[in-house]
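Per-entry structural report
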Amino acid sequence: MANMNFNTDFVPLTVDPDKIYDYSFSIIKEEMGEHPFTDEQWLVVRRVIHASADFELGRSMIFTDDAIEAGIQSILAGRHVVADVQMIESGSGRKRFQKHGGDLHCYIADEDVAKEAKALGTTRAIISMQKATKLQEGGIYAIGNAPTALLELIRLIKEGLAKPDLIIGMPVGFVSAAESKAELALLKGIPFITNVGRKGGSTVTVAALNAISLMADERAKQTK
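Keep in mind it's a predicted model, so treat the numbers as computed, not measured.

Here the focus is the packing of helix α1 (residues 17–32) against helix α2 (residues 39–52). At their nearest, the axes of α1 and α2 sit 10 Å apart, and the two run at 105° to each other. Taken together, the axes of α1 and α2 lie roughly perpendicular to each other. Contact residues: Y21, S24, F25, I28, K29 and M32 in α1; W42, V45, R46, R47, I49 and H50 in α2. Looking at the contact of α1 with α2 residue by residue, the class counts come to 7 nonpolar, 2 polar and 3 charged.

Below, the structure written as structure tokens:
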């Protein structure tokens, strides 16, 4: 057994990484209690709560009925994932997309995006969504930081310039974050996962994305 003497009054239950996950998920299940989510939606919500320790955020999540399946099918079809910020790019299980033929892309730090945003006096997040929808067909859009990215993606969809397979839209913040998610919740014809209010962020967006990619991996194993 690994040494658990940290020279502190508190002694952890375990230092085994797998057991830590198991204990965490059992605590989440117990404290969450009854909920309205389907079994597959719960796998996403559970990971979001695990990443944030925020049950209020978890309870506020909204799914279209086809969201989980749309994400799984998108990954298995080798479609790409577009992130609004690099934190999502670094936190996701990128290899799970790559082995199915896809990859994860983030354009917000691209030089051409920065130049155009400065010239137009707008956010790089907006220009990055415009670039992404020109380069990528369908795919999953994971937006956890920039409300303007989500609002721009919604605009592009309404104008017929984009048709993502799935939107995971959970930007965090005080300016336009809650409002952008409220707009997403009204969107018709595109599968989405979002939440209500100001809470969100790259960490929980990555958690949702990883939950879906793990389900895609499990589906692939079952069909072999």
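Below, the discussion takes up helix α11 (residues 202–222). With 21 residues, α11 extends 30 Å from end C-alpha to end C-alpha; this agrees with the ideal 30 Å at 1.5 Å per step. Counting buried positions along α11 yields 15 of 21 residues, so the element is predominantly enclosed.

Time to look at the packing of aromatic side chains. Per the stated rule, a full pass over the model turns up 1 aromatic pair. Ring geometry for F37 versus F63: centroids 5.9 Å apart, planes at 70°, classification edge-to-face. In this pair, F37 is assigned in the loop between α1 and α2 and F63 in strand β1 (residues 61–63), connecting sequence segments 26 residues apart.

As for its placement among the helices and strands, G78 is situated in the loop between α4 (67–76) and β2 (81–83). For the pair G78 and I49, spaced 29 residues apart in sequence, the C-alpha to C-alpha distance is 28 Å.

On to the UniProt feature "domain: Cobalamin biosynthesis precorrin-8X methylmutase CobH/CbiC" (unreviewed entry) in the protein, then. UniProt records the feature "domain: Cobalamin biosynthesis precorrin-8X methylmutase CobH/CbiC" (unreviewed entry) for residues 20–213 in the present numbering. Along residues 20–213, the helical share is 56% and the strand share 11%, with 21 Å between the first and last C-alpha atoms.

Another aspect to go through is the pairing of strand β4 (residues 140–143). Alternating positions in β4 separate into two faces, I140 and A142 on one and Y141 and I143 on the other, with burial throughout. As paired elements, β2 and β4 share 3 bridges and run parallel to each other. Within β4, the residue paired with V82 across the bridge is Y141. In terms of strand pairing, β4 meets strand β5 (residues 166–169) through 4 bridges, oriented parallel.

Okay, the pattern of salt bridges next. Scanning the model with the defined rule gives 11 salt bridges in all. When the shortest N-O distance is used, the salt bridge between R79 and D165 registers 3.5 Å. Taken as a pair, R79 in the loop between α4 and β2 and D165 in the loop between α9 (147–158) and β5 lie far apart in primary sequence, 86 residues in all. Looking at D165, the relative accessible area reads 17%, which means it is buried. Between R155 and E159 there is a salt bridge whose closest N-O contact spans 3.0 Å. Bridged by salt links that share partners, the residues D54, E56 and K199 form one connected network.

Glancing now at the layout of surface pockets. Estimates place the volume of the largest pocket at around 180 Å³. F25, L43, R46, R47, A211, L214, M215, D217, E218 and K221 together form the lining of the largest pocket. Those elements that place two or more of their residues in the lining of the largest pocket are α2 and α11. When residues in the lining of the largest pocket are grouped by element, the largest group, 6 residues, is from α11. The residue inventory of the lining of the largest pocket, partitioned by class, reads 5 nonpolar, no polar and 5 charged.

Rules and cut-offs
- Residues numbered from 1 in each chain as written.
- Predicted model: local features only at pLDDT ≥ 70, side-chain atom pairs only at ≥ 80, totals over all residues.
- Heavy atoms only, no water.
- Axes fitted to C-alpha atoms, helices over the stretch in contact; angles between N-to-C directions.
- Helix = DSSP H or I, 4+ residues; strand = E, 2+ residues; numbered from the N terminus.
- Parallel < 35°, antiparallel > 145°, perpendicular 65-115°, else oblique.
- Contact = heavy atoms within 4.5 Å.
- Nonpolar A, V, L, I, M, F, W, Y, C, P; charged D, E, K, R; others polar.
- Expected span 1.5 Å × (residues − 1).
- Buried < 20%, exposed > 50% of the residue type's maximum accessible area, 1.4 Å probe, protein only.
- Phe/Tyr/Trp six-rings, centres within 6.5 Å; stacked < 30°, edge-to-face > 60°.
- UniProt positions renumbered as here; feature names shortened; annotations may be inferred.
- Pairing = 2+ DSSP bridges.
- Salt bridge = Lys/Arg side-chain N within 4 Å of Asp/Glu carboxyl O.
- 1 Å grid on protein atoms, 1.4 Å probe; cavity = no way out; pocket = protein on both sides within 12 Å on 5 of 7 lines; lining within 4 Å.
- Points joined across faces, edges and corners; volume = space filled by probe spheres on them.

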